Amino acid sequence: MENGNLLASNVEYLKDALSVLGELNRAKGDREQLQDSIKELERDIEGEEKACRDESDLTVKKRKEEIAASFDREIRKDQEQVRRVRQDREKAKDKGIAGRIEMETADLKEENRKTQDEIYGVLKENHLPKLCNSRLYYSLFSPKGVLEYFIFALSYLVLTLALPLLIFYLMPEPARVPLTMLAICFLCNLVFFFGYQIVVRKTKMLRWQVIRQVRALRDRISANNRKIRAIKNVILKDKNEQGYNLEKFDEAIQELEAEVKRSMDEKQDALVVFEETTKYMLMEEIEGRYQQKLTALRVKQEEANKSLKEADSLVKDINKHITANYEAFLGKDYVTERALSDMIVLMEENRASTVAEALALYKAEH
């Protein structure tokens, strides 16, 4: 039908156009629903795939940690046993060293005991106090060596200087004058001097041979103590542990350390097997549980995509039909539901007898 003839058509032409336009809108609505459905299916598929990955990752991580934790518990137990056996070994070694020291110094200690008894006997026989068998006595009244001279000097400073100062600062505030300090120092020195002379007269001067004898006996004890310390130092520095019966501890430690190494190797092997085999089995098992639902969703997705393709084709065909049969004659701006409905009304009200008249009147009114 030519252009002029079409424009001279009756109202049925416009009604056909309106009907085709309605089909286009319905086809577009169906296409939008399909597009929304496809998007929802894509979200569902992505959600299931993510859930599958998350469960797979979590399960693999958990199983791997469980394997490692199981071996680590056994390893820690063995390491704790190693630590306890080492402690027992050190105790046994210390006990053995103490026994060896005791055995090798027994003669010297016995000699010291007898020498000490001899000193007490000499002091008792000569009616001398036990003070005469003290380091302080010999440091003050018969010093020998750097240590005893140091004790003598320190004792003198304490009794003649530190003690007066203490007494001075403990006195009431009004009594703290230089003259008081001099008096206290004088009295302390006087007490020290006369006390020193009394002890010397009662002991050293009357029994000087006995004092020298006790000094010699004390020197013998000191010499033996030095020997004891030397023996102890030699034993402590001795690296040879054969005499302490530590073999059973060493064997136990070796067995436990071998067990620890064995457990570590087994742990590593188990983790390798897990990474190379078990992990993939777990992943396949989890993916298998999700596969049925994912397959169903993908089938729906394919069907929806197919329907969408058909809907797109239908929309294109209708658009082509509208363009060729209606827009080409009426104009694109007038092939709308409102325009077509208004033109139909104009013709049904007999205000226009042809499509051309209805179009012209519609243009004039709008």
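Residues numbered from 1 in each chain as written. Predicted model: local features only at pLDDT ≥ 70, side-chain atom pairs only at ≥ 80, totals over all residues. Heavy atoms only, no water.

Engineer: Sorry, what's going on with the overall build of the protein chain here?
Structural biologist: Across its full length, the protein chain carries 10 helices and zero strands. For the protein chain, the sequential pattern of α-helices and β-strands runs α-α-α-α-α-α-α-α-α-α. On C-alpha atoms alone, the protein chain measures out to a radius of gyration of 58 Å, which is more than a quarter above the 21 Å that the 2.2 N^0.38 rule sets for 366 residues. In terms of overall dimensions, the protein chain has a C-alpha envelope of 165 × 75 × 25 Å along the principal axes. Residues counted as buried form 29% of the 366 residues belonging to the protein chain. Surface exposure of the protein chain reaches about 24,600 Å², of which carbon and sulfur atoms provide 55%. If you average the places of the 62 positive and of the 65 negative side-chain charges in the protein chain, the two averages end up 20 Å apart. (Helix = DSSP H or I, 4+ residues; strand = E, 2+ residues; numbered from the N terminus. Rg over C-alpha atoms; globule rule 2.2 N^0.38 Å. Buried < 20%, exposed > 50% of the residue type's maximum accessible area, 1.4 Å probe, protein only. Areas by Shrake-Rupley, 256 points an atom, 1.4 Å probe, with all protein chains shown as cover. Lys, Arg positive; Asp, Glu negative; His and termini not counted. Charge placed at Lys NZ, Arg CZ, Asp CG, Glu CD.)

Engineer: Just checking my understanding: could you explain the environment of Phe168 for this structure?
Structural biologist: Mapped onto the elements of the fold, Phe168 is located in helix α5 (residues 146–170). Sequence separation between Phe168 and Lys39 is 129 residues; the distance between their C-alpha atoms is 101 Å. Not counting the four nearest positions on each side in its chain, Phe168 is found in contact with Ala175, Arg176, Val177, Thr180, Met181 and Ile184. (Contact = heavy atoms within 4.5 Å.)

Engineer: I tried to follow the confidence of the model for the protein chain on my own but got confused; where do I start?
Structural biologist: Detailed reading of the predicted model is not advised wherever pLDDT is low. Mean pLDDT over the protein chain: 86, with 97% of residues reaching 70 or higher. Considering only residues more than four positions removed or in separate chains, one finds that residues 1–5, a stretch of pLDDT under 50, has three contacts. (pLDDT = per-residue confidence, 0-100.)

Engineer: Just checking my understanding: could you explain unusual backbone geometry for this structure?
Structural biologist: Both trends apply: most residues other than glycine have a negative phi, and most peptide bonds are in trans. The backbone of His127 shows a phi angle near 55°, a positive value even though the residue is not glycine. Relative to the assigned elements, His127 resides in the loop between α3 (106–125) and α4 (135–141). According to the relative accessible area criterion, His127 is exposed, its value standing at 70%. Within the chain, Asn350 stands out as a residue other than glycine whose phi angle is a positive 65°. Of note, Asn350 is situated in the loop between α9 (337–348) and α10 (355–365). Here Asn350 falls in the exposed class, since its relative accessible area comes to 69%.

Engineer: Sorry, what's going on with the packing of α9 against α10 here?
Structural biologist: Working note: a packed helix pair is described by the angle between its axes plus the distance between those axes. Two elements in contact, α9 and α10, have axes whose closest approach is 9 Å; the angle formed by their N-to-C orientations is 115°. Considering how the two elements wind past one another, α9 and α10 form a crossing that is right-handed. Across the interface between the two elements, Ala339, Asp342, Met343, Leu346 and Met347 from α9 touch Val355, Ala358, Leu359, Leu361, Tyr362 and Glu365 from α10. Split by residue class, the contact of α9 with α10 holds nine nonpolar, no polar and two charged. (Axes fitted to C-alpha atoms, helices over the stretch in contact; angles between N-to-C directions. Left-handed = near helix turned anticlockwise from the far one by under 90°. Nonpolar A, V, L, I, M, F, W, Y, C, P; charged D, E, K, R; others polar.)

Engineer: I would appreciate a short explanation of the packing of helix α2 (residues 11–104) against helix α8 (residues 247–330) in the present structure.
Structural biologist: The contact between α2 and α8 brings their axes to 7 Å, and the two run at 175°. It follows that α2 is roughly antiparallel to α8 by the angle criterion. (Parallel < 35°, antiparallel > 145°, perpendicular 65-115°, else oblique.)

Engineer: I keep staring at a nonpolar patch on the surface and nothing clicks. Help me out?
Structural biologist: Together, Leu147, Phe150, Leu154, Val158, Leu159, Leu163, Leu166, Ile167 and Leu170 make up an exposed nonpolar region whose accessible area comes to about 820 Å². Structurally, Ile167 is set in helix α5. (Patch = residues over 30% accessible without salt bridge, like charges linked within 9 Å, V, L, I, M, F, W, Y side chains within 5 Å. Salt bridge = Lys/Arg side-chain N within 4 Å of Asp/Glu carboxyl O.)

Engineer: Is there a simple way to think about the pattern of salt bridges in this case?
Structural biologist: Two side chains of opposite charge can pair, provided their charged atoms sit close to one another. All chains considered together, the criterion is met by 31 salt bridges. In this structure, Glu55 and Arg289 form a salt bridge, with 2.4 Å as the shortest nitrogen-oxygen distance. Within this pair, whereas Glu55 is found in helix α2, its partner Arg289 is found in helix α8, the two being separated by 234 residues in sequence. For Arg83, the salt bridge goes to Glu80, with nearest N and O atoms at 2.3 Å. Linking Arg83 with Glu80, this pair stays in helix α2, spanning three residues, or about one helical turn. What makes Arg83 partly exposed here is its relative accessible area of 39%. One salt-bridge network, in which partners are shared between bridges, spans Arg89, Glu90, Lys93, Glu241 and Asp250.

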